[in-house]
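# Report on the structure
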Amino acid sequence: MRMRTLSLLILPAVMLGACTQTQAEVERAQVREAGVQEKLAKELAGLVPGKPESCISQFPQKQSSGYGATILYRVNRGLVYRSDTMGGCEGIARGDILVTRTPSGQLCRGDIAQTFDQTSRFPTGSCSFGDFVPYRKP
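Quick look at the structure, then. (Residues numbered from 1 in each chain as written. Predicted model: local features only at pLDDT ≥ 70, side-chain atom pairs only at ≥ 80, totals over all residues. Heavy atoms only, no water.)

## Observations regarding unusual backbone geometry
Of note in this structure, Arg121 is not a glycine but carries a positive phi near 65°. Summarising the element assignment, Arg121 is placed in the loop between β9 (112-116) and β10 (123-128). (Helix = DSSP H or I, 4+ residues; strand = E, 2+ residues; numbered from the N terminus.)

If you want it as structure tokens, here you go:
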């Protein structure tokens with residue numbers, strides 16, 4: 001009985017230790033995030049952010065690309081919408097397919113999107129959109 005009590009006390013500590021990141025893992029994540037932010041800044045270079053919008057039209061067709069938790073919708077050379085998402089749509093940066101379902105023909109803050117692997121078509125994540133910030137050429 002004493003051994004069982006001891007193992008029940010140690011189990012939470014072991015599980016907590018398994019969930020913590022090592023210093024090397026933290027540093028790799030920071031380097032990865034810095035690279036993502038650098039690519040994002042390059043995509044938005046020369047564009048000026050405007051007032052956030054809660055919805056954007058799905059039409060005309062927009063090209064989407066992912067940078068970590070941020071999705072950019074390129075309408076044309078002079079207009080890009082940025083949405084910082086909540087959740088797990090980071091897969092589109094690796095080439096996953098972003099799928100949205102909306103009856104209104106608009107993408108809105110709070111709408112949920114899913115990502116799917118291009119090859120297997122299995123779901124890989126989902127997220128909700130934040131505000132859509134227009135970036136325009138000055």
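## Here's the deal with helix α2 (residues 23-44)
An ideal rise of 1.5 Å per residue puts 32 Å on 22 residues; α2 measures up with 32 Å between its terminal C-alpha atoms. Buried within α2 we find Val36, Leu40 and Leu44. End-on, the buried residues of α2 take up no more than an arc of 70°, which puts them together on one face. Residues of α2 that are exposed and angled more than 90 degrees away from the buried face: Gln23, Val31, Glu38, Lys39 and Lys42. Looking one or two residues past α2, Gly46 carries a phi angle of roughly 85°, positive in sign. (Expected span 1.5 Å × (residues − 1). Buried < 20%, exposed > 50% of the residue type's maximum accessible area, 1.4 Å probe, protein only. Arc of directions from axis to C-beta.)

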